[in-house]
Amino acid sequence: QSARLHAMLTDIARQATHRGKPRSVEVWKGIFVSGWAIATGQNPEIIPGLENEFIAIRESTATMSGKRLASVMEYIEAYCAMNDIRLSAPEDAWA
């Protein structure tokens, strides 16, 4: 699942921008995990950081169960479908 998630995020980073700027795979991961948490009613915590910036405290994908990570990937797939982002075929992601 981790390889598939990374492949999906790579496809998105190559094709999309967020707020008018290209974003790295790691930034896209944070954006999606945060959005997924809101969409699934988990109410992630947003706190002021050391310099009064805002930080979303989010779950790490590395510690997620397979079921939770699959749910995140379904959320990403829905976003891609709504935003005309083409994902690599699943078999391409495992290569």
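A few points on the structure.

Quick notes on the rules
Residues numbered from 1 in each chain as written. Predicted model: local features only at pLDDT ≥ 70, side-chain atom pairs only at ≥ 80, totals over all residues. Heavy atoms only, no water. Phe/Tyr/Trp six-rings, centres within 6.5 Å; stacked < 30°, edge-to-face > 60°. Helix = DSSP H or I, 4+ residues; strand = E, 2+ residues; numbered from the N terminus. Buried < 20%, exposed > 50% of the residue type's maximum accessible area, 1.4 Å probe, protein only. Axes fitted to C-alpha atoms, helices over the stretch in contact; angles between N-to-C directions. Parallel < 35°, antiparallel > 145°, perpendicular 65-115°, else oblique. Left-handed = near helix turned anticlockwise from the far one by under 90°. Contact = heavy atoms within 4.5 Å. Nonpolar A, V, L, I, M, F, W, Y, C, P; charged D, E, K, R; others polar.

A closer look at the packing of aromatic side chains
Okay, so step 1: Evaluated as defined, the whole model comprises four aromatic pairs.
Okay, so step 2: When the centroid spacing of 6.3 Å and the interplanar angle of 50 degrees are considered together, the rings of Trp28 and Tyr79 count as tilted. With Trp28 in helix α2 (residues 25-39) and Tyr79 in helix α3 (residues 66-82), the pair connects residues that are 51 residues apart, well separated along the chain.
Okay, so step 3: When the ring of Phe32 is compared with that of Tyr75, the centres are 6.3 Å apart and the planes differ by 80 degrees; the resulting orientation is edge-to-face. With a gap of 43 residues between them, Phe32 in helix α2 and Tyr75 in helix α3 connect regions that are remote in the sequence.
Okay, so step 4: Given the relative accessible area of 2%, Phe32 is considered buried.
Okay, so step 5: Overall, the relative accessible area of 30% leaves Tyr75 in the partly exposed class.
Okay, so step 6: An aromatic cluster of at least three residues, connected via ring pairs, comprises Trp28, Phe32, Tyr75 and Tyr79.

Points about the packing of helix α1 (residues 2-15) against α3
Okay, so step 1: Between α1 and α3, the least distance of the axes is 11 Å, while the angle of their chain directions is 25 degrees. By the angle class used here, α1 and α3 are roughly parallel. Crossing hand, α1 versus α3: left-handed. Judged by residue contacts, Ser2, Arg4, Leu5, Met8, Leu9 and Ile12 of α1 engage Leu69, Met73, Ile76, Glu77 and Cys80 from α3.
Okay, so step 2: Split into classes, the residues belonging to the contact of α1 with α3 amount to eight nonpolar, one polar and two charged.

What about unusual backbone geometry?
Glycine aside, a negative phi is what most residues show, and trans is what most peptide bonds show.
Okay, so step 1: Phi is positive for Asn52, close to 65 degrees, though the residue is something other than glycine.
Okay, so step 2: Relative to the helices and strands, Asn52 is located in the loop between β3 (45-48) and β4 (54-57).
Okay, so step 3: Phi at Asp84 is positive, roughly 55 degrees, even though this residue is not glycine.
Okay, so step 4: A relative accessible area of 74% places Asp84 in the exposed class.

Geometry only, nothing functional implied.
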